[in-house]
Amino acid sequence: MQIIEWSQEEIPVFGEGHTGPAIQRHFNLTRMHGETEFLRHGFFVHIESSDAPAIVTRTLNANRARAISSEDGSTLWVSPEVAPPPDESVQISDIAVGDLDDDGTLEVVLASYAGDVICLNASDGSVKWHRRLPWLINNSLLKICRITDSPGANLALTVGQTERRTDSSAYARVNWLPDPSLAILDSEGEVEVFIEAYDEDNSDGHMTWCEDIDGDGLHEVCVCGHERAIWFDGTGERLFEMPSEGEGGHPDDLIVHNWLPECPGREVLYLNGTIGVRMFGTAAGRMPDPRRFELLAEVDLSEHSSHLQQIMALPQPEGPKLVLANIRDPHALLLLLDGNFQPQWGLDLPIDIMHPHHADVTGDGRQEIICGGRDREKTAGWCSLQVMTDRGEALYQHRWDDGEICWVLDVADIDGDGRPEILCSVGSNRGPQGRWSLPEGAEQSLYIIKPNAE
């Protein structure tokens, strides 16, 4: 496998600081709005109260959301505080945007570690409903989607009764759950399906995935179990399991993609801890049925990377490729695999490459790779955004010296010119009020970046 390293001279467009090539907007939310949280979730959203697309994020290290204008960063609304965190170290777990009640308008849903689920009107931030569930909620990867046959959409949450786990940095969060359960909520926040104690524990996993794996228009739900991932449908039926023997005993990430043309339906590709990638699906010649999903392929990548944590399908005209990110030392590479899972190259930069996205940035009909990153030593206080081809060639990089993390939140063409904008969060975390709070003296910024701007 080829190992690629960039020098600054090889990067066609390089920028630094708050202005420069490709930066369309910069909003310092700490100075503008008193932001105290590092924002790791945010979306471009079209709402009724704004002509320009809004940016919707969590805010203020609390169970609240904020919408700002993508034009000038002014606040359009801030949701009321209806569920203060039980202590200053416990933060909201996740946020999602979508049409939850199927009325043609968007909702914003917040879910907290402490068990609160809050539904807001996306137009003005007002509260539609608030449910306080009798469980703690694991980091949920919250998604608004149809899971059951009931009217409207649903929410899927991994929940449990354990005490909050404190990690090595003493920041409270919910990861380890003995006897975890799955709660599927209806569009009004009521528990519609409850699968109690689906396994002895969740192997410290912190994702709940929702994907339509059989193409019937309803999403299935995947949860972390004891050294495995388990799929359920919207009736609560257990469909199949995917073993995970690698470090931690749980998949860090998965995708669903029509990977094998000779096989019916879509396949599930997941990261098997420290080992590599596995693919489950329906074998060729059979009708697509999740109850009959089986292991179709696997690849051991342990010689190339110490702990793969993120996976992305990269669609190209000749067929999909696979992008894998390892954000842990000592081998924090970005890997690209071809359609047969053969490693093609690894990008080795002095940063931990994080959360890959893709878009046709250059307008040539091919998808480019977009990813954020943080200083690998986590001490120098700098971070960067990267855009590259599927050959690992640099197209664009921007570096900031006043933040430790660059997190890509969203990629979308918000001005309708056919060229995507990238929404980036730049700041630092692990402050005194929880894992995602800002350290003393740090500031939170959002950037809108257009790498191919004329």
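This section reports on the structure supplied with the text. Since this is a predicted model, take the numbers as computed values, not measurements. (Residues numbered from 1 in each chain as written. Predicted model: local features only at pLDDT ≥ 70, side-chain atom pairs only at ≥ 80, totals over all residues. Heavy atoms only, no water.)

**Some details on the overall build of the protein chain**
Here comes step 1: For the protein chain, the helix and strand inventory stands at 1 helix and 36 strands.
Here comes step 2: The C-alpha radius of gyration computed for the protein chain amounts to 21 Å, which stays within 12% of the reference 22 Å derived for 454 residues, consistent with globular compactness.
Here comes step 3: Along the longest, intermediate and shortest principal axes, the C-alpha atoms of the protein chain span 55 × 50 × 45 Å.
Here comes step 4: A burial count over the protein chain gives 58% of its 454 residues as buried.
Here comes step 5: Of the contacts formed within the protein chain by residues at least 6 apart in sequence, a portion of 52% connects residues at least 24 apart.
Here comes step 6: Split by element, the accessible area of the protein chain, about 17200 Å² in all, is 45% carbon and sulfur.
Here comes step 7: Of note, the protein chain has its 33 positive side-chain charges centred 2 Å away from the centre of its 77 negative side-chain charges. (Helix = DSSP H or I, 4+ residues; strand = E, 2+ residues; numbered from the N terminus. Rg over C-alpha atoms; globule rule 2.2 N^0.38 Å. Buried < 20%, exposed > 50% of the residue type's maximum accessible area, 1.4 Å probe, protein only. Contact = heavy atoms within 4.5 Å. Areas by Shrake-Rupley, 256 points an atom, 1.4 Å probe, with all protein chains shown as cover. Lys, Arg positive; Asp, Glu negative; His and termini not counted. Charge placed at Lys NZ, Arg CZ, Asp CG, Glu CD.)

**A closer look at the sheet that holds strand 28 (residues 334–337)**
Here comes step 1: The sheet built from 5 strands is open, its strands ordered 1-29-28-27-26 with mixed pairing. Unpaired on one side and paired on the other, strand 1 (2–4) and strand 26 (310–314) mark the two borders of the sheet. Each neighbouring strand pair of the sheet contributes to a mean axis angle of 20 degrees, computed without reference to strand direction.
Here comes step 2: Across 4 bridges, the pairing between strand 27 (residues 321–325) and strand 28 is antiparallel. The partner of Ala325 across the bridge, within strand 28, is Leu334. (Pairing = 2+ DSSP bridges. Axes fitted to C-alpha atoms, helices over the stretch in contact; angles between N-to-C directions.)

**Comments concerning a negative patch on the surface**
Here comes step 1: Among the surface-exposed residues, Asp179, Glu196, Glu200 and Glu227 lie close enough to one another that they form a single negatively charged patch.
Here comes step 2: Relative to the helices and strands, Glu200 is located in the loop between strand 17 (191–195) and strand 18 (208–211). (Patch = residues over 30% accessible without salt bridge, like charges linked within 9 Å, V, L, I, M, F, W, Y side chains within 5 Å. Salt bridge = Lys/Arg side-chain N within 4 Å of Asp/Glu carboxyl O.)

**Comments concerning unusual backbone geometry**
Here comes step 1: Phi is positive for Asp204, close to 70 degrees, though the residue is something other than glycine.
Here comes step 2: Its identity is not glycine, yet His355 carries a phi of approximately 50 degrees, on the positive side.
Here comes step 3: Within the element layout of this structure, His355 appears in strand 30 (residues 351–359).

**Let's talk about the packing of aromatic side chains**
Here comes step 1: Within the structure shown, the criterion is met by 11 aromatic pairs.
Here comes step 2: Taken together, a centroid distance of 5.9 Å and an interplanar angle of 15 degrees make the contact between Trp231 and Phe240 stacked.
Here comes step 3: When its relative accessible area of 6% is taken as the criterion, Phe240 is described as buried.
Here comes step 4: Relative to Trp436, the ring of Trp407 lies with its centre 5.5 Å away and its plane at 75 degrees, an arrangement referred to as edge-to-face. Note that Trp407 is positioned in strand 34 (residues 405–412) and Trp436 in the loop between strand 35 (421–427) and strand 36 (445–449), a separation of 29 residues in sequence.
Here comes step 5: Three or more aromatic residues link up through ring pairs in this structure, and these residues are Trp231, Phe240, Tyr270, Phe280 and Phe293. (Phe/Tyr/Trp six-rings, centres within 6.5 Å; stacked < 30°, edge-to-face > 60°.)

**A word on the side chain of Ser203**
Here comes step 1: Note on placement: Ser203 falls in the loop between strand 17 and strand 18.
Here comes step 2: A polar atom in the side chain of Ser203 sits 2.7 Å from the backbone nitrogen of Glu227. (Polar contact = N/O pair within 3.5 Å; in protein donor to acceptor, adjacent residues only side chain to side chain.)

**Some words on the sheet that holds strand 19 (residues 220–225)**
Hydrogen bonding along the main chain pairs the strands of a sheet, whether they run parallel or antiparallel.
Here comes step 1: One open sheet holds the 4 strands; their spatial order is 18-19-20-21, and the pairing between them is antiparallel. Each edge of the open sheet carries a strand with a single partner, namely strand 18 and strand 21 (238–243). On average, each strand axis in the sheet is tilted by 25 degrees relative to the strand beside it, whichever way the strands run.
Here comes step 2: When strand 19 meets strand 20 (residues 228–232), the two strands line up antiparallel, connected through 5 bridges. Within the sheet, the bridge partner assigned to Gly225 lies in strand 20 and is Arg228.

**Let's talk about the side chain of Thr389**
Here comes step 1: For Thr389, the location among the structural elements is in the loop between strand 32 (383–388) and strand 33 (394–400).
Here comes step 2: Given the relative accessible area of 9%, Thr389 is considered buried.
Here comes step 3: Leaving out residues up to four positions away in the same chain, Thr389 has contacts with Trp345, Glu368, Ile369 and Leu395.

**Some thoughts on the environment of Ile311**
Here comes step 1: Here Ile311 lies in strand 26.
Here comes step 2: Residues Ile311 and His33 lie 278 residues apart in sequence; the distance between their C-alpha atoms is 34 Å.
Here comes step 3: Excluding its chain neighbours within four sequence positions, the residues that come into contact with Ile311 are Asp253, Leu254, Ile255, Leu269, Leu271, Val277, Leu322, Val323 and Leu324.

**Structural notes on the pattern of salt bridges**
Here comes step 1: Overall, the coordinates contain 29 salt bridges when judged by the stated rule.
Here comes step 2: With a shortest N-O distance of 2.3 Å, Arg58 and Glu37 are connected by a salt bridge. A residue pair is termed long-range when its members are at least 10 positions apart, and Arg58 in strand 5 (residues 54–58) and Glu37 in the loop between helix 1 (29–33) and strand 4 (42–45) qualify at 21 residues. Across the pair, Glu37 and Arg58 agree in class, each one buried.
Here comes step 3: When the shortest N-O distance is used, the salt bridge between Arg291 and Asp289 registers 3.1 Å.
Here comes step 4: Taking relative accessible area as the criterion, Arg291 reaches 45% and is therefore assigned partly exposed.
Here comes step 5: Overall, Asp289 belongs to the partly exposed group, its relative accessible area being 21%.

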